[in-house]
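Remarks on the overall topology
Residue-level listing of the chains:
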Amino acid sequence: MEFDRAFGWLQATPVAKAISENEILFPWIESVHVLAIVLVVGTISIVDLRLLGVASLDRSARRLMQDVLPFTWGAFVVAAITGSLMFASDAVNYAHNFFFRGKLVLLLLAGLNMAVFHLIGVGNIAHWDVTQQTPWPAKVAAAVSLLVWIAVVAFGRGIGFTMH
Amino acid sequence: MSPVFSKSLNAICVWIDQTPLSQAIQATSWVVPTVQTVHILAIAVVASSALMIDLRLLGIFWADRPMKAVFSRFLPLVWWPLLILFATGAIMIIGEPARSLKNPAFQLKMLLLITALIVTGLSQFFRRQDGTFGDLGSAPRLLRVAIAVVSMLLWSAIIFAGRWIAYYA
């Protein structure tokens, strides 16, 4: 893989070496990562269930997204930072790990799905914002989101079982 | 830990390890990772629901909704997924008894879990005693904030301890 040289350089940087060599640093970063992912998945499912028309039906979909998504984003940023730090500490091996690569693809899918929803699927949200029946594009986006994030958790576990 | 206790714990672990169910779980490579994934997803529901309640107690989330509505929306999602957590947890304990039961991180996790459930139960108890508990502007503010902060710290610690089981195995 052409990127191996870049990844090799990355894992030799002082920060990356500090994480990989320190027995306590990696577990702490990893624990924060797990907590962050747990909160991303948990909060996004509140939104997804609303878009599916399954829960929080007494709340406007738009208001719900406004209220919940800031926490989802905050948690995601923490997950991304901690994930990047862990990746850096053993970049070449992670880059060649099937589950890590799969997890990145899934994250891309989640991002794409979100973009498509906010650009297209959200459609005329003013019309269906407070109805309990949500339009099918919103339902599809929500279902895809849930499935992708469940897979992210599964693949994340897969990394744990196949890395050391 | 007293010698009698650790000897009994050892004996229990050995006994579980030799049961057909444990052997079957150990022999089937996909069981533990799958069960762990379900366990994590259930934790996501519990922890996020507890977080929403705690953020409301702090007046940061859904401050415009009555506490009653937040409790009724999220409390069931703190308690019911516990069934899934106990079931998946049981499978993991049966499949790897020593890795869990003799593990200090696991033991700490269980202590923290009991505490977190007591704190959650307490907030429900306060609610029943005082119908305005949690409503912003109602006294005592310190109790509201304390319960929210302690709850968030406990659930975070539980998740940390869960991850650390692997490091003490």
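What counts as what
- Residues numbered from 1 in each chain as written.
- Chains lettered and ligands numbered in written order.
- Predicted model: local features only at pLDDT ≥ 70, side-chain atom pairs only at ≥ 80, totals over all residues.
- Helix = DSSP H or I, 4+ residues; strand = E, 2+ residues; numbered from the N terminus.
- Buried ≥ 20, exposed ≤ 12 C-beta atoms within 10 Å, placed from the backbone.
- Contact = placed C-beta atoms within 7 Å.
- Nonpolar A, V, L, I, M, F, W, Y, C, P; charged D, E, K, R; others polar.
- Core = buried A, V, L, I, M, F, W, Y, C linked by C-beta atoms within 7 Å.
- pLDDT = per-residue confidence, 0-100.
- Axes fitted to C-alpha atoms, helices over the stretch in contact; angles between N-to-C directions.
- Parallel < 35°, antiparallel > 145°, perpendicular 65-115°, else oblique.
- Left-handed = near helix turned anticlockwise from the far one by under 90°.

This part is about the overall build of chain A. From N to C terminus, chain A includes 8 helices and 0 strands. In sequence order, the secondary structure elements of chain A are arranged as α-α-α-α-α-α-α-α. Across its three principal axes, chain A shows a C-alpha extent of roughly 55 × 30 × 25 Å. Each of the 164 residues in chain A was classed as buried or not, and the buried ones make up 36%. Restricting the contact set of chain A to residue pairs at least 6 apart, pairs at least 24 apart contribute 79%.

A word on the interface of chain B and chain A. Quoted interface sizes are often the accessible area lost when the parts come together. Each side of the interface is counted separately: chain B has 20 residues, and chain A has 18 residues. If you list the elements that add at least two residues to the side of chain B that touches chain A, you get α3 (31–57) and α8 (141–168) of chain B. Looking at which element gives the most residues to the side of chain B that touches chain A, the answer is α3(B), with 11 residues. Taken together, the residues that form the side of chain B that touches chain A break down as 14 nonpolar, 4 polar and 2 charged.

Counting residues in each nonpolar core, the largest one holds 60 residues, and the members touching the most others are A:Val38, A:Leu39, A:Val40, A:Val41, B:Ala47 and B:Ile159. Sorting the residues of this core by element identifies α3 (25–51), α4 (61–89), α6 (98–121) and α8 (136–163) of chain A together with α3, α4 (67–79), α7 (104–129) and α8 of chain B as the ones contributing at least two each. Dropping the residues within four chain positions of it, A:Leu39 is found in contact with A:Phe71, A:Ala75, B:Ala47, B:Ser48 and B:Leu51.

A few words now on unusual backbone geometry. Leaving glycine out, the prevailing phi sign among residues is negative, and the prevailing peptide bond configuration is trans. At A:Ser56, a residue that is not glycine, the phi angle is positive and equals roughly 55°. Following the sequence through the fold, A:Ser56 ends up in the loop between α3 and α4.

Counting all residues, the mean pLDDT for chain A is 92, and 99% of those residues have values of 70 or more. Considering each helix and strand of chain A separately, the mean pLDDT is smallest for helix α7 (residues 125–128) of chain A, with a value of 83, and largest for α3(A), with 96.

The subject of this paragraph is the packing of α3(A) against α4(A). Helix-helix packing is described using two parameters, namely the angle between the two axes and the distance between the axes. Residues and elements named next belong to chain A. α4 packs onto α3 with a crossing angle of 155° between their chain directions and a minimal axis gap of 8 Å. One element, α3, and the other, α4, form an angle in the roughly antiparallel class. For the element pair α3 and α4, the recorded crossing hand is left-handed. Here the contact of α3 with α4 is built from residues that sort into 23 nonpolar, 6 polar and 2 charged.

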